[in-house]
Amino acid sequence: MVNRILCAALLLVASGASAADMFNGRDFSGWELRTDPAASVASVFSVQPGGVIASAGKPLGFLATTASYRNYKLHVEWRWPGKTGNGGVLLHISEGPMDRVWPLSQQVQTKFGNAGDLLPMANASFTEALTGNKPPVKAHIAADSERPAGEWNSADIVSRDGSIEVTVNGVLQNRVTGAKPSEGHIGFQLEGTPYELRNIQLTPLD
């Protein structure tokens, strides 16, 4: 495992790839909101001092990039400013069947107590077996590594040719292969609880 991580790091250095901010720090250009009932981005998200993005957490739905991505490393930091709740990072959002308001995608759970779980949404899939049934997920593989309410968490997600690897606060928590879809838009869920985001950066791996 250590050798694989070191090799990935060396490849990034060799390719000269650099991380790019996914938010411009002023507004939500390049992003679109889909909720039920419909809402404006300004009524759900706001940019706070220091580049922190505050989300009201509702109505149910998701905020997604207008651009599509395939092979990348995504870094994102989140926290629950009040009570803990449910949320997730959506990878490879694609057109297709919906699960209520949730799109065809691969979800990295940020739900408190489940950070690092992987959940195939709608008709998404991956090779590894699922655990549980409400909802079916591939549970995280290490002890919980998320932090208490009010403290910042970080997730580093590497997506390459259908494999997805998830590290939460420096701890490897999940890995799957054969993910379908393997490319698409990137988004953040709204599941009823306010949360905050910062330092959302993407490094291309191609």
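Preceding this paragraph is the structure being described.
Structural notes, computed from the coordinates.

Conventions adopted
- Residues numbered from 1 in each chain as written.
- Predicted model: local features only at pLDDT ≥ 70, side-chain atom pairs only at ≥ 80, totals over all residues.
- Heavy atoms only, no water.
- Helix = DSSP H or I, 4+ residues; strand = E, 2+ residues; numbered from the N terminus.
- Buried < 20%, exposed > 50% of the residue type's maximum accessible area, 1.4 Å probe, protein only.
- Contact = heavy atoms within 4.5 Å.
- Areas by Shrake-Rupley, 256 points an atom, 1.4 Å probe, with all protein chains shown as cover.
- Lys, Arg positive; Asp, Glu negative; His and termini not counted.
- Charge placed at Lys NZ, Arg CZ, Asp CG, Glu CD.
- Pairing = 2+ DSSP bridges.
- Axes fitted to C-alpha atoms, helices over the stretch in contact; angles between N-to-C directions.
- 1 Å grid on protein atoms, 1.4 Å probe; cavity = no way out; pocket = protein on both sides within 12 Å on 5 of 7 lines; lining within 4 Å.
- Points joined across faces, edges and corners; volume = space filled by probe spheres on them.
- Nonpolar A, V, L, I, M, F, W, Y, C, P; charged D, E, K, R; others polar.
- Salt bridge = Lys/Arg side-chain N within 4 Å of Asp/Glu carboxyl O.

## Considering the overall build of the chain
Item 1. Across its full length, the chain holds two helices and 14 strands.
Item 2. The principal-axis extent of the C-alpha atoms belonging to the chain is close to 45 × 40 × 35 Å.
Item 3. Put simply, the chain has 206 residues, and 46% of those count as buried.
Item 4. For the chain, long-range pairs separated by at least 24 residues make up 66% of all intrachain contacts whose partners lie at least 6 apart in sequence.
Item 5. Summed over all atoms, the accessible surface of the chain reaches about 9,700 Å², with 53% contributed by carbon and sulfur.
Item 6. Each charge sign in the chain was given a centre, from 17 positive and 19 negative side chains, and these centres are 3 Å apart.

## Topic: the sheet that holds strand β8 (residues 102–109)
Item 1. An order of β2-β5-β13-β7-β8-β9 is seen for the six strands of this open sheet, with the pairing classed as antiparallel. Lying at the two open borders of the sheet, with one neighbouring strand each, are β2 (31–35) and β9 (118–121). Strand-to-strand twist in this sheet, taken as the mean axis angle between neighbours without regard to direction, amounts to 30 degrees.
Item 2. Two elements, β8 and β9, share four bridges in a ladder whose sense is antiparallel.

## A short note on the environment of Ser-125
Item 1. Within the fold, Ser-125 resides in the loop between β9 and β10 (153–160).
Item 2. If we skip the residues at most four places from it in the chain, Ser-125 touches Gln-106, Pro-120, Gly-178, Ala-179 and Lys-180.

## Some words on the layout of surface pockets
Any empty space left between atoms is shown by rolling a water-sized probe over those atoms.
Item 1. Its volume calculated, the second largest pocket comes out at about 210 Å³.
Item 2. For the second largest pocket, the lining is made up of 15 residues, of which Arg-100, Gln-107, Leu-119, Met-121 and Pro-135 are closest to its centre.
Item 3. For the lining of the second largest pocket, the secondary-structure elements that each account for two or more residues are β8 and β9.
Item 4. Of the residues that constitute the lining of the second largest pocket, the class distribution is seven nonpolar, four polar and four charged.

## Quick word on the environment of Ala-149
Item 1. Mapped onto the secondary structure, Ala-149 falls in the loop between β9 and β10.
Item 2. Considering only alpha carbons, one finds Ala-149 and Thr-84, 65 residues apart in sequence, at a separation of 5.9 Å.

## Re the pattern of salt bridges
Item 1. In total, this model carries five salt bridges according to the counting rule given.
Item 2. The partner of Asp-161 in a salt bridge is Arg-70, with the nearest N and O atoms 3.5 Å apart. With Asp-161 in the loop between β10 and β11 (163–168) and Arg-70 in the loop between β5 (61–65) and β6 (72–79), the pair connects residues that are 91 residues apart, well separated along the chain.
Item 3. Since its relative accessible area comes to 29%, Arg-70 is described here as partly exposed.
Item 4. Across the salt bridge formed by Arg-175 and Glu-165, the nearest N and O atoms sit 3.4 Å from each other. Of the two residues, Arg-175 sits in strand β12 (residues 171–176) while Glu-165 sits in strand β11, which places them 10 residues apart along the sequence.
Item 5. The buried category is assigned to Glu-165, whose relative accessible area is 15%.
Item 6. What emerges from the salt-bridge pattern is a single network uniting Arg-70, Asp-161 and Glu-183.

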